[in-house]
Protein chains: 2
Amino acid sequence: MMAEATRILLDESRIPRNWYNIVADLPVPPPPPLHPVTSEPVGPDDLAPLFPAELIEQEVSAERFPAIPESVRDVYRLWRPTPLVRARRLERSLGTPARIYYKYEGGSPSGSHKPNTAVPQAYYNARQGIRRLTTETGAGQWGSALAFACAQYGLECEVWMVRASYDQKPHRRSLMRVYGATVHASPSPVTSSGAGILAEYPESPGSLGIAISEAVEVAGSDPETRYALGSVLNHVLLHQTVIGEEAIEQMAAFGEAPDLIVGCAGGGSNFAGLTFPFLREKLAGRMDPVIRAVEPEACPSLTRGTYAYDFGDAAGFTPLLKMHTLGHGFIPDPIHAGGLRYHGMSPLLSHMYELGMFEAVARAQTECFEAGLRFARTEGIVPAPEPTHALAEVVAEALRCRETGEEKVILTALCGHGHFDLNAYDRYLSGEMEDFPLPQERIDTALAGLPGA
Amino acid sequence: MMAEATRILLDESRIPRNWYNIVADLPVPPPPPLHPVTSEPVGPDDLAPLFPAELIEQEVSAERFPAIPESVRDVYRLWRPTPLVRARRLERSLGTPARIYYKYEGGSPSGSHKPNTAVPQAYYNARQGIRRLTTETGAGQWGSALAFACAQYGLECEVWMVRASYDQKPHRRSLMRVYGATVHASPSPVTSSGAGILAEYPESPGSLGIAISEAVEVAGSDPETRYALGSVLNHVLLHQTVIGEEAIEQMAAFGEAPDLIVGCAGGGSNFAGLTFPFLREKLAGRMDPVIRAVEPEACPSLTRGTYAYDFGDAAGFTPLLKMHTLGHGFIPDPIHAGGLRYHGMSPLLSHMYELGMFEAVARAQTECFEAGLRFARTEGIVPAPEPTHALAEVVAEALRCRETGEEKVILTALCGHGHFDLNAYDRYLSGEMEDFPLPQERIDTALAGLPGA
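- An unreviewed UniProt entry lists chain A under the name Tryptophan synthase beta chain, from Streptosporangium fragile.
- Within the UniProt record for chain A, the comment given under Cofactor (unreviewed entry) is "pyridoxal 5'-phosphate".
- Of the comments in the UniProt record for chain A, the one headed Pathway (unreviewed entry) reads "Amino-acid biosynthesis; L-tryptophan biosynthesis; L-tryptophan from chorismate: step 5/5."

**Some words on the interface of chain B and chain A**
Then comes step 1: Between chain B and chain A, the contact holds 51 residues from the first and 50 residues from the second.
Then comes step 2: When the two sides are added together, the surface that chain B and chain A hide from each other amounts to roughly 4,200 Å², 49% of it contributed by carbon and sulfur.
Then comes step 3: There are 38 residue pairs in polar contact (both at pLDDT 80 or more) connecting chain B and chain A.
Then comes step 4: Contributing elements (two or more residues each) for the side of chain B that touches chain A: α3 (70-76), α4 (88-94), α6 (141-153), α8 (170-178), α16 (365-379) and α18 (422-429) of chain B.
Then comes step 5: A per-element tally of the side of chain B that touches chain A places α8(B) first, with six residues.

**Topic: the relation of the copies chain B and chain A**
Superposition of the two copies of the chain requires a rotation about an axis and a shift along the axis.
Then comes step 1: Superposing chain B onto chain A takes a rotation of 180° plus a shift of 0.0 Å along the axis, which leaves an RMSD of 0.0 Å. When the rotation and shift are considered jointly, the pair of chain copies conforms to a two-fold rotation axis.
Then comes step 2: Of the residues that chain B buries at the interface, 98% are likewise interface residues in chain A, meaning the two copies contact each other through the same surface.

**A few points about the sheet that holds strand β12 (residues 359-363) of chain B**
All names here are of chain B.
Then comes step 1: Strand order in the open sheet formed by seven strands is β1-β2-β3-β13-β8-β9-β12, with mixed pairing between adjacent strands. With one partner strand each, in any of the chains shown, β1 (7-8) and β12 form the two edges of the open sheet.
Then comes step 2: Looking at chain direction, strand β9 (residues 290-296) and β12 are connected through five bridges and run parallel. Residue pairing for β12: Pro 296 is matched across the bridge by Arg 363.
Then comes step 3: Lying over the sheet, helix α13 (residues 269-283) contacts β3 (99-104), β8 (260-264), β9 and β13 (409-414), oriented at roughly 155° with respect to β8.
Then comes step 4: Contacts between α16 and the sheet are confined to β2 (84-86), β3, β12 and β13, with β12 contributing the most and set at about 95° to the helix.

**A word on the pairing of strand β11 (residues 320-325) of chain B**
Sheet faces and side chains relate simply in a regular strand, where the side chains alternate between the two faces.
Residues and elements named next belong to chain B.
Then comes step 1: Of all six residues making up β11, five are buried, and the element is well covered by its neighbours.
Then comes step 2: By the bridge criterion, six bridges tie strand β10 (residues 306-311) to β11 in an arrangement that is antiparallel. Bridging across to β11, Tyr 307 finds its partner in His 324.

**Some points on the nonpolar core**
Then comes step 1: In terms of nonpolar packing, the biggest core is built from 48 residues, with Trp19(A), Val72(A), Tyr76(A), Val119(A), Leu146(A), Tyr153(A) and Val382(B) touching the most fellow members.
Then comes step 2: Of all the secondary-structure elements, those providing two or more residues to this core are α3 (70-76), α5 (115-127), α6 (141-153), β5 (156-162), α8 (170-178) and β6 (182-186) of chain A together with α16 and α18 of chain B.
Then comes step 3: Broken down by element, the residue count for this core peaks at eight residues, all from α6(A).
Then comes step 4: Once residues lying within four places of it in the same chain are set aside, the contact partners of Tyr153(A) are Ser71(A), Val72(A), Val75(A), Val119(A), Ala122(A), Tyr123(A) and Ala126(A).
Then comes step 5: Leu55(B), Tyr76(B), Leu146(B) and Ala181(B) belong to the second-largest nonpolar core, a separate cluster that totals 45 residues.

What counts, and where the lines are drawn
- Residues numbered from 1 in each chain as written.
- Chains lettered and ligands numbered in written order.
- Predicted model: local features only at pLDDT ≥ 70, side-chain atom pairs only at ≥ 80, totals over all residues.
- Heavy atoms only, no water.
- UniProt positions renumbered as here; feature names shortened; annotations may be inferred.
- Contact = heavy atoms within 4.5 Å.
- Buried area = accessible area lost by both parts, 1.4 Å probe.
- Polar contact = N/O pair within 3.5 Å; in protein donor to acceptor, adjacent residues only side chain to side chain.
- Helix = DSSP H or I, 4+ residues; strand = E, 2+ residues; numbered from the N terminus.
- Least-squares fit on C-alpha atoms with pLDDT ≥ 70 in both.
- Pairing = 2+ DSSP bridges.
- Axes fitted to C-alpha atoms, helices over the stretch in contact; angles between N-to-C directions.
- Buried < 20%, exposed > 50% of the residue type's maximum accessible area, 1.4 Å probe, protein only.
- Core = buried A, V, L, I, M, F, W, Y, C linked by side-chain atoms within 4.5 Å.

Right, here's the structure in full:
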């Protein structure tokens, strides 16, 4: 019976009661963030103007299983647990003996995994009496997730959206407004950092770095306002572990243990969310999957970046983070997977990569969309551009299994649907999509701008 | 425990094994379609150029429980059973003692209930050796569902999309292409009916009636091609009854029996899909819900149309259907709920309305979007414009319950998500959305054009 199953759904009572903090199980603790002026480790007081106390505590904690507040679990019930699906039709189309499973996060209100952390972030801020959250967004996945979460807790939400996306992706902007958020095109005249840029470059298309600066400026200058980040930080990765905890139970219901787990990695929260609980099981000797991150050829922080202290933003306003980075001045080519266009990688994941706890590969954009199209035509769901990177790797691995006959069990994270990204598929189908091989000299130039380089 | 549940999910083994054909339980059979020239009932031979034999059989059958082919159930497993959700947060925001439940169909590959019938239609055509399906689409929900279904069965899919939508909704067009369909702007130069219109009106924005004519022309002229329709016909309504069958089991799991069931109705397939199985239970005396259809003020075929034989399309190419109609020449004002802009109502539902088996009301566009926005901000899901009509009625009923204190159990069909319709929400939020009260003289004029009038 179970061998025949296609989708494993869990009852809402199976929503995890705890997040999993992998820091508790690392042989070496990750290096701390440093203050850019003093080069001393950043303390809770430095972060208090930007984040509420409970998130700062989670950021530095080594507690293995922090409890998920019941209020957060109650909002999770709107879409969690999410399905784990055996991709039988994809397998058949590839003629592979591999068994392919995907954990699907696209059924959330905003269509991606981002609400998993947006909800607890809004909750902890609301509990501390905060009135308003600010954030930045590029393609809009994070901004719409935070807008949804703020609506749940009666918080105001103010989003700085990179102007190029604001103009090109009006639907994501509209989704944030539907949830009640105020959306500014960044650079905006309402902050001094934005106004300064506009004075010099009135036609600036903006950047994630500029948008971060604006959101941080507003949060830092108002005691009732805080800032929220959608990836990279420890507490964000922590919140995403609900994905992996559910997947462990669902794979067991299928009677399977994964041989290979594949996820796309931009800032790293989707990848960490699926893999950290499986890594715990691996560290405990209860299973032995290979874990592999997939990044875009155009922005390969793990596979071609360096491991060094760097700024988290383009403008150099954040603490220094020890991470795999292409340099904070690196501007990735305009691939459609906006969520993977980040110059660095989560410091926690970077540290674990140094410890040899997972592998990384890079994939070119067109092969990713080819895999996304195959997935849509077989499994029905149109994947967002980001998870097509993981799918390209899954397809390649499944085809290797066709050669070898290996019945490998592959698990991947399908972290969002592509209903907002159909223009990208259209470009692919029209033969107008480009790849962006990255010359080494561009990396070298950007790395020359590292602090202390 | 169950009283606390928010979402009831069913295991895939609970996908219904049979559709429910309500014709078997009607006290009077519905009037047959008539040939427009002979005025004789249309027979299977008349329909054979357009539909495969098994669908024609289902169109005229009185078999109570036709079996769902295993191949169709296997495709349904990609997203069915769909969740039934208690809208606790919506209830709280309304301060109502009513208990509100919604059956959510937006998690399907194309984001609506339409694949429930697209899949069996593709299946029966493929079984008969048909190579290609043609259809028309307005806003694109139906076209993308059929494109998905054809990809599952290796059929070519050719869609005529009303030019106004083709130009304004490029993402729906792209979704059809992702699934492998060919999409024409209608009127198109590839059919004689389209070419004729283009010769006279090169700038024609098209209409659903014109698009139907083109799709039917191509299907009728090629023995390996058939035509597919996404609503109105008996076999389409039949296929949608999987919605209601699952909902009966899920409401029982909640320990509830609905007092009121509300659905939006354009051609009628979503409304029929949810309500027919409950009507069977009502006819058998096992429950006693009030059943209510909600249509747009701008296109009120049930509440202000007449019950008469009329053409199903604008051009007068189809058989004559006895139905509630505003006249096949009626052109609804441009409301955003494209799926509800149909001059008629399913003949089967029209017949049942005459038998007094359900009620109907009409709602204005802005109050529908107001309800949709409230739903998004409480329940997270952004509803498509069509089901906001049902939500407006649910909200009004829940507010009545707040006055009376009645703990009414309300069930509604949330038949699709609104991620493709955010421009409409933007117009609402910007205060630019209009209502379209319908003057009686426009109805009178259109009804004067009825065949035989």
